[in-house]
Amino acid sequence: MAPRNPARRRAALAAVTTLILLASVSFLLSATTTTPTANSPGARLAAVQRHAEDQAAVLAAYVAHARRLSAASAAQTEAFISTSARLSATASRVTLSTVGLLEKDARAQVKRARALASASKEAFDTQSKIQKLSDTVFAVGQQLLRARRAGVLNSRIAAGSTPKSLHCLAMRLLESRLVNASSIPADPAVPPPEYADPSLYHYAVFSDNVLAVSVVVASAARAAAEPSRHVFHVVTKPMYLPAFRVWFARRPPPLGVRVQLLAVSDFPFLMNASSSSPVLARIEEDGERDVAMLDYLRFYLPEMFPGLRRVVLLEDDVVVQRDLAGLWRLDLGAAVNAALHTCFGGFRRYGKYLNFSDPFVRERFSPRACAWSYGVNVFDLQAWRREQCTQQFHRFMEMNENGTLWDRTSVLPAGLMTFYGKTKPLDKSWHVMGLGYNPHIRPEDIREAAVVHFNGNMKPWLDVAFNQYKHLWTKHVDTEMEFLTLCNFGL
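Analysis parameters
- Residues numbered from 1 in each chain as written.
- Predicted model: local features only at pLDDT ≥ 70, side-chain atom pairs only at ≥ 80, totals over all residues.
- Heavy atoms only, no water.
- UniProt positions renumbered as here; feature names shortened; annotations may be inferred.
- Helix = DSSP H or I, 4+ residues; strand = E, 2+ residues; numbered from the N terminus.
- Buried < 20%, exposed > 50% of the residue type's maximum accessible area, 1.4 Å probe, protein only.
- Contact = heavy atoms within 4.5 Å.
- Axes fitted to C-alpha atoms, helices over the stretch in contact; angles between N-to-C directions.
- Parallel < 35°, antiparallel > 145°, perpendicular 65-115°, else oblique.
- Left-handed = near helix turned anticlockwise from the far one by under 90°.
- Nonpolar A, V, L, I, M, F, W, Y, C, P; charged D, E, K, R; others polar.
- Disulfide = S-S within 2.5 Å.
- Core = buried A, V, L, I, M, F, W, Y, C linked by side-chain atoms within 4.5 Å.
- Arc of directions from axis to C-beta.
- Salt bridge = Lys/Arg side-chain N within 4 Å of Asp/Glu carboxyl O.
- Pairing = 2+ DSSP bridges.
- Right-handed = clockwise from strand over helix to strand, strands pointing away.

An unreviewed UniProt entry lists the protein under the name Hexosyltransferase, with Eleusine coracana subsp. coracana as the source organism. Recorded under Subcellular location (unreviewed entry), the UniProt text for the protein is reproduced unchanged: "Golgi apparatus membrane". Looking at the protein in UniProt, the text filed under Pathway (unreviewed entry) is "Glycan metabolism; pectin biosynthesis."

What follows is the structure, encoded as structure tokens:
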């Protein structure tokens with residue numbers, strides 16, 4: 001299909017209209033300026049030539065327009081061309097000596113040309129209007145598409161950016177660490193054995209949002225039947241680690257829950273693996289412009305916690321409402337991952353996330369396979385090591401270096417490929433999603449959920465959060481932390 005060019009079409013339409021108007025005016029002038037000597041051979045010659053040339057010009061203009069019509073108008077186009085050619089030939093043959101012989105034939109051809117143009121005028125005018133409307137609709141559609149893309153981009157920027165209040169909180173905590181360094185206990189030389197005890201309930205949270213993490217920990221502690229058996233491994237960027245240490249030193253986790261605070265630099269194998277890990281190598285090259293380190297560290301859980309057999313991955317925008325100890329009693333069978341399946345009807349299947357025009361994807365995955373979500377994920381680290389999932393992840397990341405297999409701004413497609421055929425559905429009562437984008441979740445589903453997830457752009461710590469859900473999160477915020485008031489949190 002030829003590319004649409006509204007400006008060129010409008011110019012062609014204006015040219016056709018101008019030619020028709022000039023021809024009509026010329027004909028009217030010639031008809032009204034007949035003199036008493038109109039029957040002289042010279043006047044008759046001029047009239048025949050002028051009429052033939054005028055009508056030839058009109059039909060030539062129609063030719064340019066008719067060529068843009070579909071195959072159905074090919075016969076009409078041919079009629080325009082042949083009639084215009086005959087008129088031009090007749091006009092060139094008419095001389096003083098032949099005017100008597102050719103005048104009748106020329107006038108007959110002019111009459112036929114007028115009839116053809118008259119019969120076609122309405123169709124051409126209608127087609128021109130249709131084309132103009134089509135061009136307008138196309139232009140508006142393009143504007144709408146650009147506006148939607150800009151809206152999605154702006155939403156991502158707004159959701160991913162650090163709000164002023166959170167930035168203020170991190171700076172206040174860091175300032176407190178610098179001013180009162182002696183009041184913050186130093187890390188023990190040897191981590192407590194509970195951090196590596198596989199008989200306890202271990203969670204991994206990757207985040208640089210200290211307030212959000214404090215809510216995850218506090219809500220899980222209050223919902224737990226045995227809080228002291230729950231251990232949270234919080235991994236953040238090195239620049240935010242001091243702020244986390246100050247917060248949990250001044251506001252210890254409630255009810256005996258244990259929290260281990262870690263930075264990426266605390267895992268030497270990550271630093272040494274940059275040459276073999278396509279993710280870490282790209283982070284070093286791009287400075288995290290395309291890859292968010294904290295998002296992709298989840299693919300290294302077995303290496304980060306070698307002594308553990310099972311870990312539950314929690315996102316930092318969740319609130320725990322029910323004891324999660326049952327997740328350690330789930331029978332995963334041969335599966336590596338247990339997660340909430342999100343497909344219903346034709347929605348949220350593999351075809352939505354992966355590029356199935358690529359032969360590698362098309363041969364190994366089904367576009368109808370049900371997708372799942374991050375937020376609450378139970379990982380069997382022993383099965384993970386046995387299936388060599390991290391190595392498979394590396395392979396997929398190397399193949400997607402140019403973003404041809406999936407959108408590199410999302411971490412979910414990499415997980416869908418890595419754990420394809422190795423993910424067990426998690427009962428929906430464990431994980432209710434959508435509190436960050438869907439205002440119509442059933443209240444009973446929220447009440448019965450073990451974990452509610454504020455996935456989406458309307459995070460509970462932002463002013464744009466849904467009012468009907470925000471209290472689920474704010475009731476776990478430790479409002480006795482004075483820095484929250486200093487940083488103007490609207491809680």
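Back to the text.
(A) The arrangement of the side chain of Thr342 in detail. With respect to the secondary-structure elements, Thr342 resides in the loop between β6 (337–339) and α12 (350–353). Taking the relative accessible area as the measure of exposure, Thr342 reaches 11% and is therefore buried. Among all residues touching Thr342, those that are not within four sequence positions of it are Phe347, Arg348, Cys370, Ala371, Trp372, Ser373 and Met433.

(B) The arrangement of the packing of helix α6 (residues 210–223) against helix α7 (residues 241–250) in detail. Remark: α6 packs on α7, axes separated minimally by 10 Å, with the N-to-C direction vectors making an angle of 40 degrees. In terms of orientation, α6 and α7 fall into the oblique class. Relative to α7, the crossing made by α6 is right-handed. Here α6 contributes Val210, Leu211, Val213, Ser214 and Val217 to the contact with α7, which in turn contributes Ala243, Phe244, Trp247 and Phe248. Its residues assigned to classes, the contact of α6 with α7 comprises eight nonpolar, one polar and no charged.

(C) How the structure looks around the state of the cysteines. Across all of its chains, the model carries two disulfides by this definition. Each sulfur in the disulfide pair Cys168 and Cys487 lies 2.1 Å from the other. Between Cys168 and Cys487 the disulfide shows an S-S torsion of about -75 degrees. By sign, it is left-handed. Of this pair, Cys168 sits in helix α5 (residues 164–179) while Cys487 sits in the segment after α19 (482–486); the two residues are 319 residues apart in sequence, bridging distant segments of the chain. Paired by a disulfide, Cys343 and Cys370 hold their sulfur atoms 1.9 Å apart. Between Cys343 and Cys370, the disulfide has an S-S torsion of -105 degrees and is therefore left-handed. Residue Cys343 is located in the loop between β6 and α12, and its partner Cys370 is located in the loop between α13 (359–364) and β7 (376–380); the two are separated by 27 residues in the primary sequence. Taken in sequence order, the bonded cysteines of the protein link in the pattern 1-4, 2-3.

(D) Looking closely at unusual backbone geometry. Although it is not a glycine, Leu255 adopts a positive phi angle of roughly 60 degrees. If you trace the backbone, Leu255 turns up in the loop between α7 and β3 (258–263). With relative accessibility at 53%, the residue Leu255 sits in the exposed group. A positive phi angle, near 55 degrees, is found at Gln388, a position not held by glycine. Residue Gln388 is classed as partly exposed on the basis of its relative accessible area, which comes to 47%.

(E) Structural view of the nonpolar core. The biggest cluster of nonpolar side chains holds 68 residues, and the ones touching the most others in it are Leu169, Leu173, Leu211, Phe232, Trp247, Leu314 and Leu327. Of all the elements, α6 adds the most residues to this core, at 10 residues. In contact with Phe232, other than residues within four places in its own chain, are Tyr203, Val205, Val216, Val217, Ala220, Val257, Arg258, Val259, Gln260 and Leu314. Core analysis: the next-biggest nonpolar cluster, separate from the first, contains 50 residues, Phe206, Leu262, Leu405 and Leu416 among them.

(F) View of helix α18 (residues 467–474). Looking only at α18, the buried set comprises Tyr469, Lys470, Leu472 and Trp473. Considered in projection along α18, the buried side chains sweep an arc of 150 degrees and stay on one side of the axis. Considering only its buried residues, α18 is in contact with α6, β5 (318–320) and α17 (443–448).

(G) Structural detail: the pattern of salt bridges. Overall, the coordinates contain 10 salt bridges when judged by the stated rule. For Arg364, the salt bridge is made with Glu363, and the minimal N-O distance between the two is 3.5 Å. Ionic pairing is found between Asp445 and Arg442, a salt bridge with its closest N-O pair at 2.9 Å. For Arg442, a relative accessible area of 45% puts it in the partly exposed group. Salt bridges linked by common partners bring Arg251, Asp478 and Glu480 together as one network.

(H) A look at the pairing of strand β1 (residues 201–206). Of all the six residues making up β1, six are buried; the element is thus mostly covered by neighbouring parts of the structure. Residues Tyr201, Tyr203 and Val205 point to one face of β1 and His202, Ala204 and Phe206 to the other, with burial holding for every one of them. Looking at chain direction, β1 and strand β2 (residues 230–236) are connected through six bridges and run parallel. What sits directly across from Ala204, in β2, is His233. Viewed along the sheet, the connection from β1 through α6 into β2 turns out right-handed. Pairing analysis gives two bridges linking β1 to strand β4 (residues 310–314), with the strands arranged parallel. When the bridges of β4 are listed, Tyr203 appears paired with Val312.

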